[in-house]
Amino acid sequence: NNVQHINVASGGVDLVLSDPNLQLINGPTSVAVDSQDNVLIANRGTQVISKYSKTGAFISYLKISSNLFSLAIGPQDRLWIANTQGNAIYCPSLGLSFKLPQNTAPHALAIDRDGNPWVANYNTSSVVQFNAKGRPLRVVKSGVRFPTGVDFDAAGNLYISNFILNNVGKYQIR
């Protein structure tokens, strides 16, 4: 149960995040990196978000009483969490929690430049932008089929990975 950093240039392993004594890394489903290059890992097996420094040293963990699936870091290093089975999105630092429609199965999330969460809903083959209060602002369905990943580039373009279509779509949303 560890996470490895592979140096693409050399092919060697530069860093291994491991916690043999705590055994927090168990069934990792998502990873996010904050502005200090700390690595946060969603561990579905232990229902824990574990945090490691950029050197691989264990920092802390947060026990979550929900089914962890995806993490994202927003502005000011705010952590967002997607709960697949509970169909919910959380931002603990803002005290936010909102439910999605039943059986949407949020598999991934990303936070845009304005701090709005975008949620890839696997069962409904859609990606939805929400405001910070959980109100849907925009829905992307065109070319989306069982999305498993979502992220933004520096220009603000949205990328969606589609499991069934075996592709990644790029969307200009501005």
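All values derive from a computational prediction rather than experimental measurement.

A. Representation of the overall build of the protein within the structure. Along its length, the protein carries 0 helices and 17 strands. The proportion of buried residues among the 174 residues of the protein is 47%. Counting only contacts in the protein whose residues sit at least 6 apart along the sequence, the fraction spanning at least 24 positions is 27%. Carbon and sulfur atoms make up 50% of the accessible area of the protein, which totals about 9,100 Å².

B. A look at the sheet that holds strand β8 (residues 79-83). Within the open sheet, the 4 strands sit side by side as β7-β8-β9-β10. Their pairing is antiparallel. Where the open sheet ends on each side, the last strands, each with one partner, are β7 (68-73) and β10 (96-99). Neighbour-to-neighbour, the strand axes of this sheet turn through a mean angle of 15°, independent of strand direction. Bridge analysis of β7 against β8 gives 5 bridges, and the strand direction is antiparallel. Among the inter-strand pairings, Ser-70 is bridged to a residue of β8, identified as Ala-82.

C. How the structure looks around the sheet that holds strand β12 (residues 117-121). If you trace the 4 strands from one edge of the open sheet to the other, you get β11-β12-β13-β14, paired in antiparallel fashion. Both outer strands of the open sheet, β11 (106-111) and β14 (136-140), are each paired with one neighbouring strand and no more. Neighbour-to-neighbour, the strand axes of the sheet open up by a mean angle of 20°, direction not taken into account. One ladder, built from 4 bridges, connects strand β13 (residues 126-130) with β14; its direction is antiparallel. Across the sheet, the residue bridging to Val-127 is Val-140, located in β14.

D. How the structure looks around the pairing of strand β6 (residues 58-63). Two elements, strand β5 (residues 48-52) and β6, share 5 bridges in a ladder whose sense is antiparallel. Bridge pairing in β6 places Tyr-52 opposite Phe-58. Counting the residues that bridge the hairpin from β5 to β6 gives 5 residues, and of these Gly-56 lies at a positive phi of roughly 100°.

E. Representation of the packing of aromatic side chains within the structure. Per the stated rule, a full pass over the model turns up 5 aromatic pairs. Judged by centre distance (5.7 Å) and plane angle (75°), the rings of Trp-118 and Phe-152 are edge-to-face. Here the residue Trp-118 occupies a position in strand β12, and Phe-152 occupies one in strand β15 (residues 147-152), the gap between them amounting to 34 residues. Accessibility classification places Trp-118 together with Phe-152 in one group, the buried group. Ring plane angle 45° and centroid distance 4.9 Å describe the contact between Tyr-122 and Phe-146, whose orientation is recorded as tilted. Of the two residues, Tyr-122 is situated in the loop between β12 and β13 and Phe-146 in the loop between β14 and β15; the sequence distance between them amounts to 24 residues. On the basis of relative accessibility, which here comes to 18%, the residue Tyr-122 falls in the buried class. Connected via pairs of aromatic rings, a cluster forms that spans Tyr-122, Phe-146 and Phe-163.

F. Looking closely at the environment of Arg-145. Here Arg-145 shows up in the loop between β14 and β15. Taking the C-alpha atoms as reference points, Arg-145 and Ser-125, separated by 20 residues in sequence, lie 4.8 Å from one another. Each residue touching Arg-145, except ones within four places of it in the same chain, is listed here: Ser-125, Asn-162, Phe-163, Ile-164 and Leu-165.

What counts, and where the lines are drawn
Residues numbered from 1 in each chain as written. Predicted model: local features only at pLDDT ≥ 70, side-chain atom pairs only at ≥ 80, totals over all residues. Heavy atoms only, no water. Helix = DSSP H or I, 4+ residues; strand = E, 2+ residues; numbered from the N terminus. Buried < 20%, exposed > 50% of the residue type's maximum accessible area, 1.4 Å probe, protein only. Contact = heavy atoms within 4.5 Å. Areas by Shrake-Rupley, 256 points an atom, 1.4 Å probe, with all protein chains shown as cover. Pairing = 2+ DSSP bridges. Axes fitted to C-alpha atoms, helices over the stretch in contact; angles between N-to-C directions. Phe/Tyr/Trp six-rings, centres within 6.5 Å; stacked < 30°, edge-to-face > 60°.

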